[in-house]
Amino acid sequence: LSKICFKGLHSPSFKPFVAPTLDIPSEIASPQDLLPLALYSQHLQGTWKRLYSTSVDGLSFNRVTNAVLGYDGPTCILIKTQEDGTVLGALANERWKEHNRFYGSSKNILFTLAPRLRIYRSRTPSNA
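Just so it is clear, the model here is predicted, and its values are computed rather than measured.

Criteria and thresholds
Residues numbered from 1 in each chain as written. Predicted model: local features only at pLDDT ≥ 70, side-chain atom pairs only at ≥ 80, totals over all residues. Heavy atoms only, no water. Salt bridge = Lys/Arg side-chain N within 4 Å of Asp/Glu carboxyl O. Helix = DSSP H or I, 4+ residues; strand = E, 2+ residues; numbered from the N terminus. Pairing = 2+ DSSP bridges. Buried < 20%, exposed > 50% of the residue type's maximum accessible area, 1.4 Å probe, protein only. Contact = heavy atoms within 4.5 Å. Patch = residues over 30% accessible without salt bridge, like charges linked within 9 Å, V, L, I, M, F, W, Y side chains within 5 Å. Areas by Shrake-Rupley, 256 points an atom, 1.4 Å probe, with all protein chains shown as cover. Core = buried A, V, L, I, M, F, W, Y, C linked by side-chain atoms within 4.5 Å. Axes fitted to C-alpha atoms, helices over the stretch in contact; angles between N-to-C directions. Polar contact = N/O pair within 3.5 Å; in protein donor to acceptor, adjacent residues only side chain to side chain.

Taken as a whole, this structure holds one salt bridge when the rule is applied. As a salt-bridge pair, Asp72 and Arg95 come within 3.3 Å of each other at their nearest N and O atoms. Taken together, the residues span a long stretch of sequence, with Asp72 in the loop between α4 (61-68) and β3 (75-80) and Arg95 in the loop between β4 (87-92) and β5 (109-114) at a distance of 23 residues.

Here it is, written out as structure tokens:
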């Protein structure tokens, strides 16, 4: 009966959920903090590779761009404010590149993790 009722459930396009892990522990978020994001986007599942950290790489924005430009992505930026500990971020599904025009896709998101989880999806401009 299960072969009849669930036929095709594990088709080639089926990808099982993989909980997020960090290659290097983060001062901003734990894998448990990132779990809701991984449930939202398949791109945020599995092992996260840290490309840049202010505590290791310094506060220069030039170092940020050197770390992410050309990385095949997707990339996720996490920021923790000093004032109240708010944690916010962005997911970019495309490879970072220097460009004089906007680029991206509707799969990119902005979010807050703390004090409350919120996900802000991109939307098409009204004049597009």
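Relative to β5, β4 runs antiparallel, the two sharing five bridges. Across the sheet, the residue bridging to Leu88 is Thr112, located in β5. When β5 meets strand β6 (residues 118-121), the two strands line up antiparallel, connected through four bridges. Within β6, the residue paired with Thr112 across the bridge is Arg118.

Inspection of the secondary structure assignment puts Gly89 in strand β4. Residue Gly89 is classed as buried on the basis of its relative accessible area of 8%. C-alpha of Gly89 to C-alpha of Cys76: the two residues are 13 residues apart in sequence and 6.9 Å apart in space. Excluding residues that lie within four positions of it along the chain, Gly89 makes contacts with Ile77, Leu78, Ile109, Leu110 and Phe111.

Across a regular strand the side chains alternate sides, sitting on one face of the sheet and then on the other. Relative to β4, β3 is paired through six bridges, and the arrangement is antiparallel. Across the sheet, residue Cys76 finds its bridge partner in β4, namely Leu91. Between β3 and β4, which pair antiparallel and follow one another directly, the connecting turn spans six residues, one of which, Gly85, has a positive phi of 80°.

Taken together, the side chains of Phe17, Leu35 and Leu39 define a hydrophobic patch exposed on the protein surface, amounting to about 290 Å² of accessible area. As for its placement among the helices and strands, Leu39 is situated in helix α2 (residues 31-40).

Moving on: the nonpolar core. With ten residues, the main nonpolar core is built from Ala29, Leu34, Leu37, Leu44, Trp48, Val87, Leu91, Ile109, Phe111 and Leu113. At the level of elements, α2, β4 and β5 are the ones that each hand at least two residues to this core. Considering each element in turn, this core owes the most residues, three residues, to β5. Those residues in contact with Val87 that lie beyond four places of it in its chain are Ile28, Ile79, Lys80, Thr112, Leu113 and Ala114.

Here the residue pair Ala114 and Pro115 is connected by a cis peptide bond, since its omega of 10° sits within 30 degrees of zero. Here Pro115 lies in the loop between β5 and β6.

Strand order across the open sheet formed by four strands is β3-β4-β5-β6, with antiparallel pairing between neighbours. In this open sheet, the two strands that pair with only one neighbour each are β3 and β6. Pairs of neighbouring strands in the sheet enclose a mean axial angle of 15°, with direction left out of account. Of the strands in this sheet, β3, β5 and β6 are in contact with α2, which crosses β5 at around 150°.

On to the environment of Trp96. Within the secondary structure, Trp96 sits in the loop between β4 and β5. In sequence terms Trp96 and Gly73 are 23 residues apart; their C-alpha atoms lie 7.6 Å from each other. Once residues within four sequence positions are removed from consideration, Trp96 is found in contact with Val68, Leu69, Gly70, Tyr71, Thr75, Ile77 and Tyr103. Side chain to side chain, Trp96 and Thr75 meet in a polar contact 2.4 Å long.

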